[in-house]
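Summary of the model geometry
One letter stands for each residue in the lines below.
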Amino acid sequence: DPSCRIPMIARLPGVFPRNAQCDHTTSLIDLFPTFASLAGDHRSKPSGEGMTLMQALDTANRDRIIFSQFSQNELGLYMAANKDWKYVYSAADDKEWLYDLVNDPLEIENLFGEPDYAAQAALLKNACIRRFQIDGYTEPLEGDDWKAFQKAAPPSEFSDDGLLFQDPEELEKEIHALGQYARSAKFIQDSRFNLLNKLCEVSQPTKDVH
């Protein structure tokens with residue numbers, strides 16, 4: 001998720017110093033090459049951007065930029081971040097954010113558009129766009145900038161359109177077939193609900209007493 005910045009905790013005696021902390025950026029794509037390298041395979045890398053955690057700690061990678069993406073096209077949400085700054089672009093809102101991770105770790109103040117921080121914004125934005133150009137993923141791009149999509153219509157009331165997880169169509173049919181009580185809070189006052197609770201209680205495995 002482009003909004004997340006979570007510390008990674010690793011323990012590997014003999015490789016990582018005890019109680020050491022590092023502010024270099026890492027990504028989940030670093031885990032596979034790390035495990036492969038520790039197993040003796042130093043070539044397997046599903047992503048060209050991934051590196052071992054040992055490499056990520058090297059001072060040469062101190063200013064490394066990592067990327068994240070959620071959805072795509074008109075609903076795309078894209079992020080580029082280094083250890084000090086985070087840039088986010090939302091295609092649905094046609095809006096950009098820049099956060100100072102050192103002085104604003106909770107990411108409260110959006111500094112994008114502020115002249116004093118134009119260099120940091122340009123560095124991360126251009127890196128994100130360049131990454132997609134190299135990959136050949138040009139759907140969210142218009143030349144060297146973001147594409148302006150038509151505003152997406154919000155979902156209708158009581159709709160789950162656009163949600164990450166949705167009920168399968170067959171499940172919806174089965175729920176409706178149960179009748180009105182299945183969706184009604186009044187069912188908890190029904191004698192059938194009490195019977196169901198009782199059946200659940202008696203079906204619980206009992207603990208052996210010694």
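Presented here is a report on the structure given in the accompanying data block. Residue numbers here run from 1 along each chain, matching the order of that chain's written sequence. Under the rules for a predicted model, residues below a pLDDT of 70 receive no local features and side-chain atom pairs below 80 are neither given nor counted, while totals for whole chains, interfaces and linings still include all residues. The basis for the side-chain values is all heavy atoms of the structure; hydrogens and waters are excluded.

1. Details of the sheet that holds strand E2 (residues 77-81)
- Criterion used throughout: strands pair if DSSP finds at least two bridges between them. Segments assigned H or I by DSSP are reported as helices when at least four residues long, segments assigned E as strands when at least two residues long, and all are numbered from the N terminus. Read from one edge of the open sheet, 4 strands run E1-E2-E3-E4, paired in antiparallel fashion. If you trace the sheet from one side to the other, it starts and ends with strand E1 (66-70) and strand E4 (95-100), each paired once. Here the average twist between neighbouring strands, direction ignored, is 15 degrees.
- The pairing of strand E3 (residues 85-90) with E4 spans 6 bridges and is classified as antiparallel. Across the sheet, tyrosine 87 pairs through a bridge with leucine 98, a residue of E4. Helix axes are fitted to C-alpha atoms over the stretch in contact, other axes to C-alpha atoms as well, and angles between N-to-C directions run from 0 to 180 degrees.

2. Regarding the layout of surface pockets
- Points on a 1 Å grid over protein atoms alone make up a cavity when a 1.4 Å probe fits among them but cannot get out, and a pocket when they form an open set with protein on both sides within 12 Å along at least five of seven lines; lining residues each have an atom within 4 Å of a point. Grid points are joined across faces, edges and corners, and a volume is the space filled by probe spheres set on the points. Looking at the largest pocket, its volume works out to about 1600 Å³.
- Around the largest pocket, the lining comprises 44 residues; the ones closest to its centre are Ile6, Pro7, Met8, His24 and Thr26.
- Elements represented by at least two residues in the lining of the largest pocket include exactly helix H2 (53-56), E1 and E2.
- Residue contributions to the lining of the largest pocket peak at 3 residues, all from E1.
- Across the lining of the largest pocket, the residue classes tally to 25 nonpolar, 8 polar and 11 charged. As a working rule, the residues Ala, Val, Leu, Ile, Met, Phe, Trp, Tyr, Cys and Pro are called nonpolar, Asp, Glu, Lys and Arg charged, and the rest polar, with Gly in that last group.

3. A short note on helix H3 (residues 118-135)
- One fewer than the residue count of a helix, multiplied by 1.5 Å, yields its expected span. In this model, H3 (18 residues) spans 26 Å end to end at C-alpha, consistent with the 26 Å of a helix rising 1.5 Å per residue.
- Each residue is placed in one exposure class: buried if its accessible area under a 1.4 Å probe, protein chains only, is under 20% of its type's maximum, exposed if it is over 50%, and partly exposed if it falls in between. Within the sequence span of H3, burial applies to Ala121, Leu124, Lys125, Ala127, Cys128, Ile129 and Phe132.
- Against the buried residues of H3 lie E1, E2, E3, E4, strand E5 (141-142) and strand E6 (145-146).
- The first or second residue beyond H3 is glycine 136, which carries a positive phi of 85 degrees. Whether two residues are in contact is decided by their heavy atoms, any of which lying within 4.5 Å being enough.

4. Focus: unusual backbone geometry
- You will see that serine 71, though not glycine, has its phi angle at about 60 degrees, which is positive.
- Phi is positive for aspartate 94, close to 50 degrees, though the residue is something other than glycine.
- Mapped onto the elements, aspartate 94 comes out in the loop between E3 and E4.

5. Observations concerning the pairing of E2
- The element E2 is largely enclosed, with a buried count of 4 among its 5 residues.
- Where E1 lies against E2, 5 bridges are found, and the strand directions are antiparallel. Bridging across to E2, serine 68 finds its partner in methionine 79.
- Taken together, E1 and the strand that follows it, E2, pair antiparallel across an intervening segment of 6 residues, in which serine 71 is found at a positive phi of about 60 degrees.

These values are about where atoms sit, not about what they do.
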